[in-house]
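The lines below spell out each chain.
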Amino acid sequence: TNIIVIAATNRPDTLDPALLRAGRFDRKVFVSVPTLEERIQIFEYYLKSKKVDEKVNLESLAKRTSGLVGADIENVVNEAALQVAKSNREVLEAKDFEYALEKVIMGPEKKVKSMKEKEKKLVAYHELGHAVTGHLLENADPIEKISIVRRGHALGVTWTTPEEDKNLYSKAKFLDEVVTLLGGRAAEELFFGKDEITTGASNDFERATNIVKNMILKYGMDEEIGTVNYLNDHEENEFVRPYSEKMAELLDQKIKNYLDTAYTKSKKILTENKDLIEKMCTILLQKEY
Ligand code: ZN
């Protein structure tokens, strides 16, 4: 009597039904990742006892932490505070948050060995390929920052600020996103030639392919394939394909077509802006951002 049991899980789908029977855990409260407004409040909470420069804009910080949870934000604040302590200051400034955000989201900088000149240049063009396509495409997320400083496994990073707390995505957005993802490889090919392309784009391809697959197999966004969902997340036996051989062939062809079209578009945008990209690359390499 008078005992309330509360439990939390990230995987409610894997719980034993015996646990969920009436009289055990009666109510389910779904807690999603914090919204923009909530993240502002979380920042305020963790910064309550700290001195913060008035130029620090919490809303802009919250915007750039889309998808992070409270513990991550606490981590960002702690990293920023550490940075301030290290340099014997008292007030947290915008640059401290900049440093902390990058460290928490992209991993710490690796300054062990400097990249070879050519590799550095390749990474710079690759990232500019993402950034320039992303910047020029109407539906792609706005570009926040490019970096060619090594972090974790990443040789370079293009950082976007996704539109806040969006729950619905359009086909146009998916298509632009794919063009942006393929921009890295497109830039390598454009500036270094067909034989100099590198392994750096493999993760981009994985993400681009997944977007296209979801578009046509899950969201019914291809007219010819129609409004079906062939990607059943709950399918137990993944060896059974829910469509015919003929459809499988069409799907393969479709996926390839979408990716090829996006790659061509990417190359076109980059070709049109070649001079600009070369100038930006020089700056990126000089300053070693
Ligand atoms: Zn890339």
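Use the structure listed above.
Residues numbered from 1 in each chain as written. Predicted model: local features only at pLDDT ≥ 70, side-chain atom pairs only at ≥ 80, totals over all residues. Heavy atoms only, no water.

> Before we go on, may I ask you to explain the coordination of the zinc ion in this structure?
Put simply, the ideal angle at a metal is 109.5 degrees for four donors in tetrahedral geometry and 90 or 180 degrees for six donors in octahedral geometry. Distances from the zinc ion to its protein donors, namely H126 (NE2), H130 (NE2), D204 (OD) and D204 (OD), fall within the range 2.0 to 2.8 Å. Coordination at the zinc ion comes from four donor atoms whose angles at the metal span 51 to 147°, giving a geometry best classed as irregular. Taken in chain order, the donor set of the zinc ion reads H-x3-H-x73-D. Separated by 78 residues along the polypeptide, H126 in helix α6 (residues 117-136) and D204 in helix α8 (residues 202-217) bring together distant segments of the chain. With respect to class, H126 is no different from D204; both count as buried. (Donors = N, O, S within 2.8 Å, 3.2 Å for Na, K, Ca; no water. Tetrahedral: all angles 85-135°; square planar, octahedral: opposite > 155°, others 65-115°. Helix = DSSP H or I, 4+ residues; strand = E, 2+ residues; numbered from the N terminus. Buried < 20%, exposed > 50% of the residue type's maximum accessible area, 1.4 Å probe, protein only.)

> What is the right way to read helix α10 (residues 274-287) from this model?
Helical geometry: 3.6 residues make up each α-helical turn, so side chains three or four residues apart lie on a common side. In this model, α10 (14 residues) spans 20 Å end to end at C-alpha, consistent with the 20 Å of a helix rising 1.5 Å per residue. Following α10 by one or two positions, E288 adopts a phi angle in the positive range, close to 50°. (Expected span 1.5 Å × (residues − 1).)

> How do you make sense of the packing of helix α2 (residues 36-47) against helix α4 (residues 70-86) when you look at a structure like this?
The packing of two helices is summarised by the inter-axis angle and the distance between the axes. At a minimum axis separation of 10 Å, α2 and α4 run at an interaxial angle of 45°. One way to sum up the angle between α2 and α4 is to call them oblique. Remark: the crossing between α2 and α4 carries right-handed chirality. On α4, the residues that touch R39, I42, F43, Y46 and L47 of α2 are G70, I73, E74, V76 and V77. (Axes fitted to C-alpha atoms, helices over the stretch in contact; angles between N-to-C directions. Parallel < 35°, antiparallel > 145°, perpendicular 65-115°, else oblique. Left-handed = near helix turned anticlockwise from the far one by under 90°. Contact = heavy atoms within 4.5 Å.)

> Help me understand the pattern of salt bridges, please; the structure alone is not making it clear to me.
Under the defined criterion, the tally for this structure stands at 20 salt bridges. We note a salt bridge from K254 to D222, for which the minimum N-O separation is 3.2 Å. Placement of K254 in helix α9 (residues 245-272) and of D222 in the loop between α8 and α9 is noted, with a sequence separation of 32 residues between them. Taking the relative accessible area as the measure of exposure, K254 reaches 13% and is therefore buried. Among the residues examined, D222 registers a relative accessible area of 5% and is labelled buried. The network of salt bridges with common partners includes R64, E98, E102, E144 and K145. (Salt bridge = Lys/Arg side-chain N within 4 Å of Asp/Glu carboxyl O.)

> Could you clarify how one ought to interpret the nonpolar core in this entry?
Ranked by internal contacts, the top residues of the largest apolar core, which has 42 residues, are V178, L182, M215, L259 and I277. Looking at this core, the elements that each hand over two or more residues are α6, α7 (171-192), α8, α9 and α10. Ignoring sequence-local partners within four residues, the contact set of M215 consists of K171, F174, L175, G220, M221, D222 and Y258. Counting 18 residues, the second largest nonpolar core, distinct from the first, contains I42, F43, V56 and V77. (Core = buried A, V, L, I, M, F, W, Y, C linked by side-chain atoms within 4.5 Å.)

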